[in-house]
Amino acid sequence: MATFVYLVRHGETVWNAEGRLCGSSDIPLSPIGQQQAQRLAQRLRSVPLAAIYSSPLRRTRQTAETIAALHNLPVHPVPELSEIDYGDWEGMAVDELARRFPEAERCRTDDPLRFVAPNGEPFAHFVERVTTTVQRIAACHANETIAVVAHQGVNRIVLCWVLQAEFSLWRRLRQDPACVNLLQVRDDGQWRVWLANDTCHLQDASLESEKPVQASEVNR
């Protein structure tokens with residue numbers, strides 16, 4: 001027996017497509033993102049989900065509600081699943097960030113546990129709240145299958161933690177809009193990655209991210 005966690009990312013937003021830091025900003029899904037959420041929901045339609053959890057931000061909540069509608073389940077909002085707060089940098093394009101604040105951007109990439117944006121959330125606090133919360137949620141659903149709808153940054157942190165990888169590698173873990181990750185929690189407490197960044201349900205070219213290369217480097 002084991003617990004399975006479908007860790008998914010929300011669909012695309014306009015800011016995602018433009019390569020901007022969404023962070024804690026409450027940005028809704030774009031029309032493409034809404035279609036991606038529908039495809040994601042169909043992908044998970046036959047999965048026997050016991051519960052659905054989500055960040056309370058609109059882009060994740062919209063995605064989670066689309067999934068939940070096919071399972072007759074409520075969505076449980078969890079504030080600790082929100083994306084990192086980038087403070088004064090919210091909405092800034094990553095290219096602009098790298099140009100104006102090169103040292104800070106290098107820190108965000110290479111030494112993230114020391115990173116904090118002006119008036120933002122310390123990265124180390126972000127890591128602690130995300131990893132603690134995901135463990136707590138999974139512990140409430142022993143031997144069940146659940147869905148957790150979150151953000152690119154959140155998912156990257158969870159994957160680093162499960163793989164026991166250095167958090168300096170977090171931006172090397174691609175998480176496309178509406179992607180699926182499948183995690184297993186064994187009875188002995190060991191976590192395993194069964195699937196990562198799967199987007200086979202988005203094969204229609206019209207549902208691909210408008211700027212997939214640029215957007216994949218941005219934390220939403």
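As annotated in an unreviewed UniProt entry, the protein is Alpha-ribazole phosphatase from Candidatus Fervidibacter japonicus.

Visitor: Explain the pattern of salt bridges to me, please; I cannot follow it from the model alone.
Guide: Between side chains of opposite charge, a pair can form when the charged atoms approach closely. Summed over all chains, the structure comprises twelve salt bridges. Residues Glu18 and Arg20 are paired through a salt bridge, measuring 3.0 Å at the closest nitrogen-oxygen approach. Glu18 gets classed as partly exposed once you look at its relative accessible area, which sits at 37%. Arg20 sits in the partly exposed class, given a relative accessible area of 29%. A salt bridge links Asp176 to Arg174; the nearest nitrogen and oxygen atoms lie 2.8 Å apart. Taking the relative accessible area as the measure of exposure, Arg174 reaches 36% and is therefore partly exposed. Three or more residues are tied together by salt bridges with common partners; here these are Glu105, Arg108 and Arg171.

Visitor: Which parts of the structure should I look at to understand the UniProt feature "active site" (unreviewed entry) in the protein?
Guide: Taken from the UniProt record, the annotation "active site" (unreviewed entry) applies to His10 and Glu83. A maximum C-alpha distance of 11.3 Å places the annotated residues, which cover 74 residues in sequence, within one compact spot. Of note, His10 is situated in the loop between β1 (2-9) and α1 (14-17). Note on placement: Glu83 falls in the loop between β3 (75-77) and α4 (94-100). Look at Glu83 and you get buried, because its relative accessible area is 1%.

Visitor: In this structure, what is going on with the environment of Ala50? I would like to understand it.
Guide: Tracing the backbone through its elements, the reader meets Ala50 in the loop between α2 (31-43) and β2 (51-54). C-alpha separation for the pair Ala50 and His71, spaced 21 residues apart in sequence, amounts to 9.1 Å. Those residues in contact with Ala50, other than ones at most four positions away along the chain, are Leu73, Glu144 and Thr145.

Visitor: How do you make sense of unusual backbone geometry when you look at a structure like this?
Guide: In this model, Asn143 sits at a positive phi of 65 degrees, which is unusual for a non-glycine residue. For Asn143, the location among the structural elements is in the loop between α6 (123-139) and β4 (145-150). The exposure class assigned to Asn143 is partly exposed, which follows from its relative accessible area of 36%. Even without being a glycine, Asn197 presents a positive backbone phi close to 50 degrees. As for its position among the elements, Asn197 is in strand β6 (residues 191-198). Of the residues examined, Asn197 reaches a relative accessible area of 18% and is grouped as buried.

Visitor: Please explain the confidence of the model for the protein as it appears in this structure.
Guide: Low pLDDT means the predicted atomic positions in that stretch should not be read closely. Taken residue by residue, the protein gives an average pLDDT of 93. The fraction at 70 or more is 93%. Overall, residues 210-220 carries pLDDT values under 50, and its contacts beyond four positions in sequence, including any with other chains, amount to 44 contacts.

Visitor: What exactly am I supposed to notice about the packing of α2 against helix α3 (residues 58-68) here?
Guide: Each pair of packed helices can be summarised by the angle the axes make with each other and by the distance between the axes. It is at 8 Å that the axes of α2 and α3 come closest, and there the two elements cross at 40 degrees. Considered as vectors, α2 and α3 are oriented oblique to each other. Handedness of the crossing formed by α2 with α3: right-handed. Residues Ala37, Gln38, Leu40 and Ala41 of α2 pack against Thr63, Thr66 and Ile67 of α3. Tallied by class, residues from the contact of α2 with α3 come to four nonpolar, three polar and no charged.

Visitor: Looking at this model, I keep getting lost on α3. Mind explaining?
Guide: Of the residues making up α3, those classed as buried are Arg59, Thr60, Thr63, Ala64, Thr66, Ile67 and Ala68. Among the structural elements, β1, α2, β2, β3 and β4 are those in contact with the buried residues of α3.

Visitor: What's the story with the side chain of Glu105 in this structure? I'm lost.
Guide: Looking at the element boundaries, Glu105 is found in helix α5 (residues 102-110). Overall, Glu105 belongs to the buried group, its relative accessible area being 9%. Among the polar contacts listed, one links the side chain of Glu105 to the side chain of Arg171, at a separation of 3.0 Å. Ignoring sequence-local partners within four residues, the contact set of Glu105 consists of Val94, Leu97, Ala98 and Arg171.

Definitions and cut-offs
Within each chain, residues carry numbers counting from 1 in the order of the written sequence. The predicted nature of this model means local features are confined to residues of pLDDT at least 70 and side-chain atom pairs, given and counted, to a pLDDT of 80 or more, with totals for whole chains, interfaces and linings taken over all residues. The side-chain figures draw on all heavy atoms in the structure; neither hydrogens nor water molecules are used. Salt bridges are identified by distance alone: a Lys or Arg side-chain nitrogen within 4 Å of an Asp or Glu carboxyl oxygen. Relative accessible area decides the class of each residue, using a 1.4 Å probe on protein chains only: under 20% of the type maximum gives buried, over 50% gives exposed, and in between gives partly exposed. UniProt positions are given in the numbering used here, feature names are shortened, and annotations may be inferred rather than shown by experiment. Strands here mean DSSP runs of E at least two residues long; helices mean DSSP runs of H or I at least four residues long; both are numbered from the N terminus. Residues are treated as being in contact if the distance between any of their heavy atoms lies within 4.5 Å. Confidence of the prediction at every residue is given by pLDDT, a number between 0 and 100. Geometry is summarised by axes, namely lines fitted to C-alpha atoms with helices restricted to the contacting stretch, and by angles between N-to-C directions that run from 0 to 180 degrees. By definition in this entry, angles of less than 35 degrees are roughly parallel, angles greater than 145 are roughly antiparallel, angles of 65 to 115 are roughly perpendicular, and the rest are oblique. Crossing handedness: left-handed means the near helix sits turned counterclockwise from the far one by under a right angle, and right-handed means the same turn made clockwise. Amino acid classes used here: Ala, Val, Leu, Ile, Met, Phe, Trp, Tyr, Cys and Pro are nonpolar; Asp, Glu, Lys and Arg are charged; the rest, including Gly, are polar. Two N or O atoms count as a polar contact when they lie within 3.5 Å, although within protein this holds only if one can serve as hydrogen donor and the other as acceptor, and sequence-adjacent residues are included solely when both atoms are side-chain atoms.

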